[in-house]
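# What the coordinates show
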Amino acid sequence: MISIILKSFKIHKKKSVLNIIQFSIAFFSLMLSICMVQQVLEYRRNIESIMDSDTVQMSVTEDESDGKEPPKTQKDKYSTIYDEIKSDTNVSIGILDNISVYDENNMVDNAIMVNKDFINMAKWKFQDGNIEKLVNYNDDDVIPVIVSYSLRDKYKFNEKYNIEYMIDEGTYNATIMVVAVADKNSYIFTGNATCISDTIKNKEDFMIFPKIADFSDLAYENNVLIKANSDLENIEDRLSDEYENVGKNIQFISLESQIEQYYNKQKTVILATMIFAIIIIVLSLLGTIGTILSNLVLRKREFGIYYAMGLSKKHLLTMILGEGMVMFFISFVISIAGSLAVTFFMASEGFKITLENVAITLLVMIVCMVVCELLPMRKIAGQEPVELINEGAGK
């Protein structure tokens, strides 16, 4: 029976190509919209896996300094500001900066440098090791580092490596020791954005260093995260005044607010993609049902020949169902392949296909298949074998 189904599908494949294309696009759009919904639902969890959502980011929105002060002088002022605030308030101020790391083969790996407050504020999980040595680092000769799960084979746990790193246009040599390997589901902020949550990354090669050099201007202007147990408003006022003194306007936005902004931004895209998928599915269903019904009229002679060969009505119904299953299976495979291609390029943004996504799309496919096959199969079931045999004989 399977060989008959495949042979029949092959004979009529030209008529099925359009339906396959339509359903492939529909299932692809549907799966992408489901993935986007899942990404939105997981976004909060991913952010909060790094830091509490009530953490506040400070970033510069307007720079009117016109280079009035040398960079070194500005950085010293920034450092002094934060030291003074920390000395008389109950606040944690986390800062991160970007580093380029070159291994012995001159291959570059991305890294971030963070201060002790950032390390204590972060909620990273590890496959091996812990952050104790980063917290206790004090300009030792060997620098303790954390590596991402994807770098665990290149930089092995508890091993030392000679590297060269570049920060703020300066290049230095150092010996590092891997003291922890991040869990494979760990996320990080790479920073340098007005909304630091926009820089969240997963499944990328990265390393985390303790503070081994002065932070750059860019770090002080975009990558400052504040966790205040009290008196946050007073801290924000003090920082605003100090930055205004060097000609810069700043804003404060909590991670919670950034999550809400992300939700609002994604709503339109998800809704548009979902509506597009539904429209394509409905049009594909109508087109496929019409094609199958018209084919039944044109294929009466073919069905009559099958009856004359000894096939029963049950076999004929099975053949029609089988043809539909082949068409939907091909569409489903194409849509999965397209979705996997998209997620491959967007994996670092946390965009992924899960079994739940596939299961939902598969369920929709089965419903579509039942709807498409129901009317044609009922029409076939209502035909008398003798009528089809006469059609097959040309009577």
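Whatever comes next refers back to the structure up there.
Bear in mind the structure is a predicted one, so any value in this text is a computation, not a measurement.

Rules and cut-offs
- Residues numbered from 1 in each chain as written.
- Predicted model: local features only at pLDDT ≥ 70, side-chain atom pairs only at ≥ 80, totals over all residues.
- Heavy atoms only, no water.
- Phe/Tyr/Trp six-rings, centres within 6.5 Å; stacked < 30°, edge-to-face > 60°.
- Buried < 20%, exposed > 50% of the residue type's maximum accessible area, 1.4 Å probe, protein only.
- Lys NZ or Arg CZ within 6 Å of the ring centre and 35° of its normal.
- Helix = DSSP H or I, 4+ residues; strand = E, 2+ residues; numbered from the N terminus.
- Polar contact = N/O pair within 3.5 Å; in protein donor to acceptor, adjacent residues only side chain to side chain.
- Patch = residues over 30% accessible without salt bridge, like charges linked within 9 Å, V, L, I, M, F, W, Y side chains within 5 Å.
- Areas by Shrake-Rupley, 256 points an atom, 1.4 Å probe, with all protein chains shown as cover.
- Salt bridge = Lys/Arg side-chain N within 4 Å of Asp/Glu carboxyl O.
- Lys, Arg positive; Asp, Glu negative; His and termini not counted.
- Charge placed at Lys NZ, Arg CZ, Asp CG, Glu CD.
- Pairing = 2+ DSSP bridges.
- Contact = heavy atoms within 4.5 Å.
- Core = buried A, V, L, I, M, F, W, Y, C linked by side-chain atoms within 4.5 Å.
- Expected span 1.5 Å × (residues − 1).
- Arc of directions from axis to C-beta.

A few words now on the packing of aromatic side chains. If you walk through the whole model with that rule in mind, you get 7 aromatic pairs. When the centroid spacing of 5.9 Å and the interplanar angle of 40° are considered together, the rings of Phe-118 and Trp-124 count as tilted. Each member of the pair, Phe-118 as well as Trp-124, is classed as buried. A centroid spacing of 5.3 Å and a plane angle of 35° characterise the contact between Tyr-165 and Tyr-172, whose relative ring orientation is tilted. Classification of Tyr-172 as partly exposed rests on a relative accessible area of 39%. Cation over ring: Arg-152 sits above Tyr-149, and NZ or CZ is 3.7 Å from the ring centre.

Here the focus is the environment of Lys-156. Following the sequence through the fold, Lys-156 ends up in the loop between strand S5 (142–147) and strand S6 (160–167). Since its relative accessible area comes to 42%, Lys-156 is described here as partly exposed. It is 8.9 Å that separates the C-alpha atoms of Lys-156 and Met-177, two residues lying 21 residues apart in sequence. At 3.4 Å, the side chain of Lys-156 and the backbone oxygen of Asp-153 are in polar contact.

We now examine unusual backbone geometry. A positive phi angle, close to 55°, is found at Asp-139, a residue other than glycine. As for its placement among the helices and strands, Asp-139 is situated in the loop between helix H5 (132–135) and S5. Look at Asp-139 and you get exposed, because its relative accessible area is 61%. Although it is not a glycine, Asn-192 adopts a positive phi angle of roughly 65°. Checked against the element boundaries, Asn-192 lands in the loop between strand S8 (187–189) and strand S9 (200–202). By relative accessible area, Asn-192 is classed as partly exposed at 33%.

Taken together, the side chains of Asp-83, Glu-84, Asp-231, Glu-233, Asp-237, Asp-241, Glu-242 and Glu-244 present a region of like negative charge at the surface. Among the elements of the structure, helix H3 (71–88) and helix H7 (232–245) are those that each provide at least two residues to the negative patch. Per-element tally for the negative patch: the top contributor is H7, with 5 residues. Looking at where Asp-241 falls in the secondary structure, it is placed in helix H7.

Another aspect to go through is the pairing of strand S7 (residues 170–182). Bridge analysis of strand S4 (residues 126–129) against S7 gives 3 bridges, and the strand direction is antiparallel. Considered in S7, the bridge of Gly-129 is made with Ala-180. Sheet analysis places S5 next to S7, joined by 6 bridges and oriented parallel. Bridge pairing links Val-145 to Val-178 in S7. Of the pairings in the sheet, the one linking S6 to S7 comprises 8 bridges and is antiparallel in character. Looking at the pairing, Met-166 lines up with Thr-171 of S7. Linking two consecutive strands that pair antiparallel, namely S6 and S7, is a turn of 2 residues; a positive phi of about 50° is found at Asp-168 within it.

Of note, Lys-86 is situated in helix H3. When its relative accessible area of 35% is taken as the criterion, Lys-86 is described as partly exposed. Sequence spacing of Lys-86 and Ile-235 is 149 residues, and the spatial spacing of their C-alpha atoms is 9.6 Å. Each residue touching Lys-86, except ones within four places of it in the same chain, is listed here: Val-91, Ile-93 and Asp-117.

Nonpolar side chains in soluble globular proteins tend to end up buried together. If you look at the biggest cluster of nonpolar residues, it comprises 41 residues, and the most contacted ones within it are Tyr-82, Tyr-155, Met-207, Phe-209 and Leu-239. With 33 residues, the next largest nonpolar core counts Tyr-43, Trp-124, Ile-208 and Tyr-262 among its residues.

Right, let's talk about H7 for a bit. Between its first and last C-alpha, H7 extends 20 Å over 14 residues, near the 20 Å set by a 1.5 Å rise per residue. Residues Ile-235, Glu-236, Leu-239, Ser-240 and Tyr-243 constitute the buried set of H7. The buried side chains of H7 occupy one side of the element, clustering within an arc of 135° when seen end-on. The outward face of H7, more than 90 degrees from its buried face, is lined by the exposed residues Glu-233 and Asn-245. Just beyond H7, the residue with positive phi is Gly-247, at close to 80°.

Our focus in this paragraph is a nonpolar patch on the surface. A contiguous nonpolar patch, built from Leu-271, Ile-275, Ile-278, Ile-279, Val-282, Leu-283 and Leu-286 and spanning about 650 Å² of accessible area, is present on the exposed surface. Among the structural elements, Leu-286 can be located in helix H8 (residues 255–298). Among the residues examined, Leu-286 registers a relative accessible area of 57% and is labelled exposed.

For the structure on display, the rule yields 10 salt bridges. Residue Arg-44 pairs with Glu-260 through a salt bridge whose shortest N-O separation is 3.5 Å. Taken as a pair, Arg-44 in helix H2 (residues 13–48) and Glu-260 in helix H8 lie far apart in primary sequence, 216 residues in all.

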